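One-letter residues, chain by chain:
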Amino acid sequence: MVEHIVLIKFSPETTKEQKEELIRRTLQLKNVIPGILDIQQGFNFSNRSQGYEIGLAVRFEDKASLDNYGPHPAHQEIVTYLKEIGMEDSIIVDFHLH
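Computed from a prediction, not measured in an experiment: that's the story for all the values here.

1. Some words on the sheet that holds strand 2 (residues 36–43)
Next, step 1: Read from one edge to the other, the open sheet built from four strands follows the order 2-3-1-4, with strand pairing classed as antiparallel. Every interior strand has two partners, whereas the edge strands, strand 2 and strand 4 (87–96), have only one. Neighbour-to-neighbour, the strand axes of this sheet turn through a mean angle of 10°, independent of strand direction.
Next, step 2: Taken together, the seven bridges between strand 2 and strand 3 (residues 54–60) define a ladder with antiparallel strand orientation. When the sheet's bridge partners are listed, Ile39 is paired in strand 3 with Val58.
Next, step 3: Most of the contacts of helix 1 (residues 16–27) go to strand 2, to which it runs at about 170°, and overall it touches strand 1 (2–10), strand 2 and strand 3.

Structure below.
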C-alpha cells in the first residue's frame, strides 16, 4: 500500500466556503478513481502548521494506483479548482506502508 499526504497553503483571499467545497469535492474522488482505499481531508488545527491550512491523506492499493491518480481527469479538476481559489503552496509526501 502507498500513503499520499498533501498539505495546502492558501492566499488570504480564499474563503472558508471555498475550502469546504474543496474538501467536499476531494472526498468524492474515492468513488471515481480506481485504487483509492481510503481518503481523508480536513482543516489543520496544529499550532505548528506553518500556514498550511488543509491536510489530505489518500491510501492507495499500490504505486500504480498512485501513478494513475495524478493525471486522472477527476484529480485534474481538483488541481484546477485549487488554482482558481488561490492555492499558494503545497507539500506532498508519498511513501510505502509496511
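So, next bit.
2. Quick notes on the pairing of strand 3
Next, step 1: Side chains Ile54, Leu56, Val58 and Phe60 of strand 3 all project onto a buried face; the interleaved residues Gly55, Ala57 and Arg59 project onto a face where none is buried.
Next, step 2: Pairing of strand 1 with strand 3 involves seven bridges; the strand directions are antiparallel. Residue His4 lies in a different strand from strand 3, and its bridge partner there is Val58.

3. Considering the pattern of salt bridges
Next, step 1: Tallying each qualifying case throughout the model produces six salt bridges.
Next, step 2: Note that Glu53 is salt-bridged to Lys19, the shortest N-O span being 2.4 Å. In this pair, Glu53 sits in the loop between strand 2 and strand 3 while Lys19 sits in helix 1, placing the two residues 34 residues apart along the sequence.
Next, step 3: Owing to a relative accessible area of 26%, Glu53 belongs among the partly exposed residues under this scheme.
Next, step 4: One salt-bridge network, in which partners are shared between bridges, spans Glu21, Arg24 and Arg25.

4. Here's the deal with the side chain of His75
Next, step 1: Considering the arrangement of structural elements, one finds His75 in helix 3 (residues 73–85).
Next, step 2: What His75 contacts, discounting residues up to four positions off in sequence, is Leu29, Ile33, Tyr69 and Gly70.

5. Observations concerning helix 3
Next, step 1: The end-to-end C-alpha distance of helix 3 is 19 Å, a good match for the 18 Å that 13 residues give at a rise of 1.5 Å each.
Next, step 2: Where the residues of helix 3 are buried, they touch strand 1, helix 1, helix 2 (63–69) and strand 4.
Next, step 3: A positive phi of about 105° marks Gly86, the residue just after helix 3.

6. Quick notes on the environment of Lys9
Next, step 1: Of note, Lys9 is situated in strand 1.
Next, step 2: On the accessibility criterion, Lys9 (22% relative accessible area) is partly exposed.
Next, step 3: Put simply, Lys9 and Asp89 are 80 residues apart on the chain and 5.1 Å apart in space, counted from C-alpha to C-alpha.
Next, step 4: Excluding residues within four positions of it along the chain, Lys9 makes contact with Gln50, Gly51, Tyr52, Gly86, Met87, Glu88 and Asp89.

Definitions and limits used
- Here the residue numbers are simple positions, counted from 1 along each chain's written sequence.
- Only residues with pLDDT of at least 70 get local features here, since the model is predicted, and only at 80 or more are side-chain atom pairs given and counted; chain-wide, interface and lining totals rely on the full set of residues.
- Note: side-chain values were computed over all heavy atoms of the structure, leaving out hydrogens and water.
- In this description, strands pair whenever DSSP reports at least two bridges between them.
- Only DSSP runs of H or I with at least four residues qualify as helices, and only runs of E with at least two residues qualify as strands; both kinds are numbered from the N terminus onward.
- Angles shown run from 0 to 180 degrees and are taken between the N-to-C directions of axes, each axis being a line fitted to C-alpha atoms and, for helices, limited to the stretch in contact.
- Note on contacts: a residue pair is in contact if any heavy atoms of the two residues lie within 4.5 Å.
- To sort residues, take the accessible area from a 1.4 Å probe on protein chains only and compare it with the maximum for the residue type: under 20% means buried, over 50% means exposed, and anything in between is partly exposed.
- Any Lys or Arg side-chain nitrogen found within 4 Å of a carboxyl oxygen on Asp or Glu counts as a salt bridge.
- Multiplying 1.5 Å by the residue count of a helix minus one yields the expected span of that helix.

Worth remembering: the numbers are spatial, not functional.
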